[in-house]
Amino acid sequence: MPITFDPSSRIFKLDTDSSTYAFLVHDEGYLVHLYYGPKVPDTAALAPLMYRGWYDSLSPRNPHVSDRRFSLDFIPQECPGSSNGDFRISALEVRSPAGDTVTDLRYTGHRIFPGKPELPGLPATFAQEGEAETLEIETADPVTGVKAFLLYTVFPGYDALARSVRVENPGSASVDLERAYSMCLELPSMDYDFLHMYGRWAKENTTVRHPLQHGLQGIQSKRGMTGPNHNPFAALVRKGADEDQGQAIGVSLIYSGNFSMEIEVDTLGCPRLLAGINPSTFRWRLEPGESFQTPEAVTVFSGEGLGGMSRRFHRLFLDHLMRSQWTKKKRPLLINDWEAAVFDFDDQLLVEFAQEAKELGVEMLVMDDGWFGARNNDYQGLGDWQVNENKLKGGLGHLIDQVNALGMKFGIWYEPEMVNPDSDLFRAHPDWIIQAKGREPSLSRNQYVLDMTRPEVRENIYQQMCAVLSSHNIEYVKWDCNRNISEAGNAVLPPERQGEFFHRYVLGVYELMDRITSTFPHILLENCSSGGGRFDPGMMYYSPQIWTSDCTDPIERLTIQFGASLCYPVASMGAHVSASPRTGFETKGAVALMGTFGYELDPRKLTPEEKAVAKEQIAAYHKYYDLIHYGDLYRITDPARDPYFADWQFVSPDRTEALFTRVVMRKPENYYQTQRLRGLDPEKYYTDEATGETYSGALLMSAGIDLSAPWPGPQDGSCVMKHFTARKAQG
Ligand code: GLA
């Protein structure tokens, strides 16, 4: 059983295949954290790990506790409250009917059950009985009566824990939730680095790793969406751990709105990490009888470095988060018209694109922005989701028929949350946009954000989308979101509930996305937010792929995709070959193959040589589809730090097949000639498909492969791909 409770020591142990998480119930009902790390067999012996300091005169102590070492000021906790003697950052803070924020949660019971419950209205990991086990701890505040239910689901084979909190108000007066984090993680020392990703439009997922410092540090969003600035992912990486070895704890928040991952390193050098909704833009009124469910946070423990952490996240998300039927179904290879045509297209041009692309082997045409309303530029049309028949003469059905007649599928673009001031929707409903009372709303890309907290707004957009999707053979939707939220305010909520707005917005978007994907389960949904501005696991629950970045330069894409791969599977990363000028056509394909793969260019403009390469790329896409989508990724170099090479490798789950790729970012004069492969079976023998030479896995992983080339060596922007297949061990 992965979850055990020892009644004599009152210790809960949550074991995965290679990790242990443990906490105890103190005599006074406090939930005291003990341990998170490599799997250990001990239980009662973990109890002394609760002590991290010595009671001193400035640290208050519960008068019923005689143990002088026990002050909440020092004790690691599972769900720290506030103003109860713990002066560090609090996970839960409830303003009581009396107006104070003392929040003091004590254990009142627990249950352990197979499987995992759904979180109402929120994306979350899922599991059948037998795949996971869940612990629900019930706590209550003795004065306000407010209850907090802490959920822990253990995914043993993935070394993962999924955590969230449900708060209930069983009292007779309303209370306000001021802070409601999804999880708290306490570690015993500063022997960890803080790793996270920052970025901006077209430059997402830059990784940064730095030592923990005393005091506060963290990442957040206040943009209404997750944004490209920080991704809701962080890792605490043991000093000395690297890509291939050492301990790393990854934290991923399954949420698409204002988030916070906050770390406080206390005076003793102990880090406390909180992950959840950003409290700086949050306050939630709980009336008597109401409850509030936080989003889910997932932690993954790896004793095999950052690579091991990423591979665990990838498998967990593919198996237990991305619920689309397309997650494990072969996805159609698409061409998107955006970078080639922008707003300047008509049905004839699209049919020509489809004809040319079909010749190459492309399977689906995606018509991006500009097909609806008066959308001839980005000043007009958002919100009016009716086909513009001046552009698509004969109507959308006629266009799709022509594309289908070529044997190709058809996909379409939407930006459901947005409206231009110059649109019929805005003229009819100017009050439907997000705006704070009495303030002029800002514009961004000439558009406003629709108030998705309001059911009538969602219903209107749903009906408009349904009218098109249900009457045409549309098999793919790109759901875009090209601005963030400012002047936040809601016309319907009373002043004391305005603090709920941002979270209600996210819930509204989830509801609409759920409705669309449930009504049209056959549609492959790809998310997008000016590229990777909402590249988060909340979105991944609904859409198995997300456009990773508006930057399609292959060299820049390397750091963007390598960064994303810290937490997210390659199968989720939208990646296309485009007309961007840097690198040769082969390299564009090699980089797009570390993603969903597709094209975003004018196929009529390809040279005969490029067309021949495209056909080879498409053959490679089919040949390596399973290996790339369901195999293990090994990042061999770090393109953000290596001056010359981006090297990576996929290995099939049974380790009989491997694909190595090198992109030469900058030509070295005197370059390394070998590279060690990763993740092979040392006992197996692998044949290099290109040369027919056979090597043991042991040799390939210790001596490496020969990448030398005659002088002057590999050129800037060139690439090498090597495919190895294994046969039985010799001898
Ligand atoms: C965003 C997306 C692009 C494209 C345009 C259309 O920038 O990231 O891929 O869809 O919008 O306006």
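These numbers were taken from a predicted model, which means no experiment stands behind them.

A. Local environment of the sheet that holds strand S2 (residues 11-15). Read across the open sheet, the 4 strands follow the order S1-S2-S3-S4; overall the sheet is antiparallel. The open sheet has two free edges, formed respectively by strand S1 (3-6) and strand S4 (31-38), since each of these has just one partner strand. Averaged over neighbouring strand pairs, the angle between their axes works out to 15° when direction is ignored. Sheet topology places S1 next to S2; 4 bridges connect them, and they run antiparallel. Across the sheet, the residue bridging to Phe-5 is Phe-12, located in S2.

B. Representation of the site of the ligand in the model. Neighbouring residues of the ligand: 13 residues in total, closest Asp-368, Asp-369, Arg-445, Lys-478 and Asp-550. Asp-368 places a polar side-chain atom, nitrogen or oxygen, 2.6 Å from an oxygen atom of the ligand. Side-chain polar atom of Asn-482 to an oxygen atom of the ligand: 3.1 Å apart, as the coordinates give it. Here the ligand has 310 Å² of accessible area as a free molecule, and 97% of this is covered by the chains.

C. Inspection of the side chain of Thr-144 at higher detail. Examined against the element boundaries, Thr-144 turns out to sit in the loop between strand S7 (133-140) and strand S8 (147-155). Sequence-distant contacts of Thr-144, defined by excluding residues within four places in its chain, comprise Ser-96 and Pro-97.

D. Inspection of the nonpolar core at higher detail. If you look at the biggest cluster of nonpolar residues, it comprises 193 residues, and the most contacted ones within it are Trp-371, Ile-412 and Tyr-599. Here this core gets 9 residues from one element, more than from any other, and that element is helix H7 (residues 501-519). In contact with Tyr-599, not counting residues within four places along its chain, are Leu-333, Leu-334, Ile-335, Asn-336, Val-362, His-576, Val-577, Phe-585, Ala-614, Gln-617 and Ile-618. Core analysis: the second largest hydrophobic core is formed by 13 residues, Ala-22, Leu-24, Val-65 and Leu-72 among them.

E. Fine view of the layout of surface pockets. Empty space within the largest pocket amounts to approximately 400 Å³. What lines the largest pocket is a set of 21 residues, among which Glu-243, Leu-306, Arg-635, Asp-638 and Arg-641 lie closest to the centre. Of all elements in the fold, only strand S12 (203-211) and helix H9 (554-564) reach the threshold of two or more residues within the lining of the largest pocket. Per-element tally for the lining of the largest pocket: the top contributor is S12, with 5 residues. Residue composition of the lining of the largest pocket, by class: 7 nonpolar, 6 polar and 8 charged.

Each value, and the rule that gives it
Think of each chain on its own: its residues are numbered from 1, step by step along the sequence as written. Per-residue local features are limited, in this predicted model, to residues with pLDDT of at least 70; the limit for side-chain atom pairs, both in listing and counting, is 80 or more; totals at the level of whole chains, interfaces and linings are taken over all residues. Hydrogens and water molecules were not included; the side-chain quantities draw on all heavy atoms of the structure. When DSSP locates at least two bridges between a pair of strands, those strands are taken to pair. Every helix listed is a DSSP run of H or I at least four residues long, and every strand listed is a run of E at least two residues long, numbered separately from the N terminus. Note on geometry: axes are lines fitted to C-alpha atoms, helical ones only across the stretch in contact, with angles between N-to-C directions running from 0 to 180 degrees. Each residue is tested against the molecule or strand, and it is near if at least one of its non-hydrogen atoms lies within 4 Å. Here a polar contact is recorded for every N or O atom pair within 3.5 Å, except that within protein the pair must consist of a potential hydrogen donor and a potential acceptor, and residues adjacent in sequence are included only if both atoms are side-chain atoms. What sets the accessible areas is the Shrake-Rupley method with a 1.4 Å probe; for residues, cover comes only from the shown protein chains. Contacts between residues were defined by any pair of non-hydrogen atoms, one from each residue, lying within 4.5 Å. Here, nonpolar core means buried Ala, Val, Leu, Ile, Met, Phe, Trp, Tyr and Cys residues that are tied together by side-chain atoms lying within 4.5 Å of each other. Relative accessible area decides the class of each residue, using a 1.4 Å probe on protein chains only: under 20% of the type maximum gives buried, over 50% gives exposed, and in between gives partly exposed. Points on a 1 Å grid, built from protein atoms alone, make a cavity when a 1.4 Å probe fits but cannot get out and make a pocket when they are open with protein on both sides within 12 Å along at least 5 of 7 lines; residues with an atom within 4 Å of a point are the lining residues. Grid points are joined across faces, edges and corners, and a volume is the space filled by probe spheres set on the points. Here the nonpolar group is Ala, Val, Leu, Ile, Met, Phe, Trp, Tyr, Cys and Pro; Asp, Glu, Lys and Arg are the charged ones; every other residue, Gly included, is treated as polar.

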